[in-house]
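# Structure assessment
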Amino acid sequence: MTTTLVGETRQASRPADQRRRRRRIPVGKTLAWTYLALFLIVTIFPFYWILRTALSNNYTLIRHPSSFLPVNFTVGPFERVLGLASRTQAIAEGGSGASINLALSLRNSVIYATALTVLVVFCSLLAAYAFARLQWRGRNVIFSIFLGALMIPGIMTLLPNFVLIHDLGLTNTFAGLVLPGALFSAFNIFFLRQFMLGFSNDIEDAALIDGAGSLGLLFRITVPMTAGPLTTLSLLTFINAWNDYFWPLMIASDPGVRPLTVALGVFQQASPETQPDFAGLMAAALVAAFPMLVLFMIFGRRIVNSIGFTGIR
Amino acid sequence: MGIRACLNVYDVTSGKNLDAKTVSGASIVVIASGRTATQLRRTSARRSPSHRGDWRLAVILILPATAGFCVFAAYPTIRGIYLSFTNFRILSPPTWAGLANYRRLFADDVFWHSLRVTVYFVALTVGVGLAVSLVSAVILHRLTQSTVIRGLVLLPFLISGVVAALVWQWMLDPGLGIINVVVKAVIGHNILFLGSQGWVIPSLSFIAIWKSMGYNAILIFAGLQTIPSEIYEAGRLDGAGEIRMFTRLTLPLLRPIMAMVIILTIISSFQVFDLVAVTTKGGPANASNVLPLYIYDTGFAEFNFGYALTMSMALFVLLLAITFFQMRLLRANDSDTT
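These figures come from a predicted structure and were not determined experimentally. (Residues numbered from 1 in each chain as written. Chains lettered and ligands numbered in written order. Predicted model: local features only at pLDDT ≥ 70, side-chain atom pairs only at ≥ 80, totals over all residues.)

### A closer look at the overall build of chain A
In terms of regular secondary structure, chain A is built from 16 helices and zero strands. The 313 residues of chain A split such that 45% are buried. Expressed as a percentage of contacts within chain A between residues at least 6 apart in sequence, the contacts between residues at least 24 apart total 71%. (Helix = DSSP H or I, 4+ residues; strand = E, 2+ residues; numbered from the N terminus. Buried ≥ 20, exposed ≤ 12 C-beta atoms within 10 Å, placed from the backbone. Contact = placed C-beta atoms within 7 Å.)

### Quick look at the interface of chain A and chain B
Between chain A and chain B, the contact holds 94 residues from the first and 101 residues from the second. Split by residue class, the side of chain A that touches chain B holds 62 nonpolar, 28 polar and four charged. (Nonpolar A, V, L, I, M, F, W, Y, C, P; charged D, E, K, R; others polar.)

### Some remarks on unusual backbone geometry
We note that N172 of chain A has phi near 60°; this positive angle belongs to a residue other than glycine. Tracing the chain through its elements places N172 of chain A in the loop between α7 (154–167) and α8 (174–182). By the C-beta count within 10 Å, which is 16 here, N172 of chain A ends up partly exposed. Phi angles above zero are rare outside glycine, and N286 of chain B is one such case at about 65°. Among the secondary structure elements, N286 of chain B is positioned in the loop between α12 (274–279) and α13 (291–300).

### Comments concerning the packing of helix α12 (residues 227–243) of chain A against helix α15 (residues 278–307) of chain A
Residue and element names in this part refer to chain A. At their nearest, the axes of α12 and α15 sit 10 Å apart, and the two run at 135° to each other. Considered as vectors, α12 and α15 are oriented oblique to each other. Regarding α12 and α15, the two cross each other, and that crossing is left-handed. Between α12 and α15, the residues in contact are T231, T232, L235, I239 and W242 and P291, M292, L295, F299, R302, I303 and S306, respectively. The residue inventory of the contact of α12 with α15, partitioned by class, reads eight nonpolar, three polar and one charged. (Axes fitted to C-alpha atoms, helices over the stretch in contact; angles between N-to-C directions. Parallel < 35°, antiparallel > 145°, perpendicular 65-115°, else oblique. Left-handed = near helix turned anticlockwise from the far one by under 90°.)

### Structural notes on helix α7 (residues 161–171) of chain B
Along α7 of chain B, 11 of the 11 residues are buried, which leaves the element largely enclosed by surrounding structure. When α7 of chain B is considered as a whole, its buried residues turn out to be G161, V162, V163, A164, A165, L166, V167, W168, Q169, W170 and M171 of chain B.

### Here's the deal with the domain arrangement of chain A
It is common to report an interface's size as the accessible area lost on association of the parts. Residues and elements named next belong to chain A. For chain A, the assigned domains read domain 1 (23–98 + 271–313) and domain 2 (102–260). Centre-to-centre separation of domain 1 and domain 2, based on C-alpha positions: 32 Å. Listed per partner, the contact involves 13 residues of domain 1 and nine residues of domain 2. No other element matches α15, which puts 10 residues into the side of domain 1 that touches domain 2. Split by residue class, the side of domain 1 that touches domain 2 holds 10 nonpolar, two polar and one charged. (Domains from an automatic or database assignment.)

### Concerning the nonpolar core
Of all hydrophobic cores here, the largest spans 170 residues; its most connected members are M282 and A285 of chain A. With residues near it in sequence (within four places) discarded, A285 of chain A still touches I50 and L264 of chain A together with V163, L166 and V167 of chain B. (Core = buried A, V, L, I, M, F, W, Y, C linked by C-beta atoms within 7 Å.)

### As for the confidence of the model for chain A
Residues and elements named next belong to chain A. Taken over all residues, the pLDDT of chain A has a mean of 83, while the share at 70 or more is 88%. When the elements of chain A are averaged for pLDDT, helix α16 (residues 309–312) gives the smallest value, 34, and helix α5 (residues 102–133) the largest, 94. In this model residues 309–313 is a low-confidence stretch, pLDDT under 50, and it forms 14 contacts with partners more than four residues away in sequence or in other chains. (pLDDT = per-residue confidence, 0-100.)

Written out as structure tokens, the structure is:
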């Protein structure tokens with residue numbers, strides 16, 4: 001008898017206990033979700049604001065600065081920054097009338113980022129293979145020296161590299177823009193080598209028995225097995241090159257070579273102080289950011305996971 | 001243990017130091033490679049027979065990278081050090097100036113002001129930014145594993161500093177910017193976020209935080225995922241509350257990764273350029289004249305490359321000192337994780 005009673009009281013007390021706990025957790029949870037929502041709004045709102053402004057008429061924008069929707073919806077700003085609108089059209093919509101052709105800079109950015117990515121990832125792949133899979137004297141010494149390059153901050157090499165490119169007569173050329181970063185990246189080599197070290201020797205030995213040479217091993221065995229990290233690395237290199245500003249600013253001021261970031265800066269400075277062409281500027285900003293956003297839509301999971309890899313390990 | 005340390009490093013640093021502008025990866029990299037060296041030697045002894053001709057191929061394969069290293073990393077560094085002792089205006093050959101540039105450095109008020117401004121910017125960006133990232137990472141980790149949300153958080157990391165600078169300059173515009181519209185509605189007058197001496201550095205620092213907080217949160221998130229859930233179960237059994245578990249379990253276990261994120265942020269913040277160059281160009285009245293901007297102006301507006309390089313050297317030494325200091329901290333922290 002008593003035992004059942006005890007049992008009953010226990011059962012009776014348990015739901016109350018759970019109810020109390022359930023009530024306490026939601027408070028924390030709601031707070032946490034509120035924080036996360038705020039964090040996301042702060043993160044994403046500027047992107048919306050770029051779009052909203054870029055689709056507005058610059059004249060009427062002034063009268064409705066807080067309107068959440070585009071003011072006098074128009075794609076004029078995009079036409080104006082891509083060089084598709086005439087001067088009078090541009091001025092009629094509140095543009096500065098300064099000639100700007102982002103289409104050309106878009107092309108330049110694509111050339112710069114693609115060339116740099118292809119070259120540096122390829123060169124790093126070769127070096128990483130030599131460091132990870134081949135046996136030779138001095139390997140670890142040279143690898144350590146290479147890693148030492150990570151200690152040199154960009155600001156230290158930027159100016160001397162500018163002087164060097166200037167001496168070679170390569171300012172305002174794609175070669176000059178790409179060259180300093182095209183051959184060597186300590187981080188890329190480290191990243192790929194680290195991955196290749198994990199391969200088992202058995203596959204290579206089997207291929208060697210089948211008569212493959214060391215070079216055949218690299219391209220037929222190692223490259224396919226490294227496809228994932230190679231993609232990640234290419235993406236990150238491409239994004240970095242696309243967004244780079246300091247180096248192109250020094251080396252590529254000519255409209256035929258300068259990438260989007262530099263062109264954006266020039267466009268902003270050409271905008272009149274009294275009444276800047278905010279709609280045009282935001283359209284230009286979106287043109288510069290859009291390819292990265294598309295890349296992210298396609299490869300988002302890979303990029304996120306490349307940063308969060310540690311978790312899976 | 002050695003291997004895991006390596007993997008942590010390569011994943012975590014993946015985004016940032018591709019362009020070798022961040023030193024931080026290096027500190028950890030060096031430690032990690034030192035540890036794996038013994039393992040390498042072991043494998044090499046076993047495999048040598050089938051690898052007799054390897055050195056010839058190896059020389060060919062590392063040739064491009066070695067050329068790049070020598071010409072665009074080692075040579076410019078050495079040349080930079082040399083040129084910092086010269087009077088060099090790019091169009092005529094450098095002439096030896098001895099310590100003149102360094103003497104000017106110590107007497108240059110603009111330099112010291114610039115350094116103070118930069119340190120203020122770095123302190124704000126690192127202090128506030130990391131607090132926000134840490135809290136966000138912990139909350140994100142607790143609430144959701146959604147890749148979509150983590151992707152959204154990462155968006156500002158994908159755009160150029162120039163784009164970030166432009167959009168925030170527009171939103172902070174004293175007349176028409178949405179933020180000032182709101183500020184005016186609340187406190188009755190607008191604030192010159194980028195146009196007043198008191199506000200300009202906090203505002204720039206805010207933009208820098210906005211751009212990096214998601215990335216840092218994802219890094220810390222990755223660190224949180226490495227903490228086994230059994231530890232928390234054990235903590236719960238011992239009757240620890242949420243806050244106690246955060247301070248006694250989460251924080252100590254996160255220390256290595258936090259140390260890394262801190263140094264990454266410190267070093268990239270010290271080299272801030274695009275944000276400032278686009279928004280304020282150092283103004284108003286030098287209030288945001290950060291060191292990289294001053295170096296750039298000295299080189300490209302005054303054409304005084306010798307002195308610009310002297311200041312780069314000063315920044316280089318400063319960053320090296322910070323890295324070594326941080327390395328010590330990291331080593332000390334190693335014991336905590338295992």
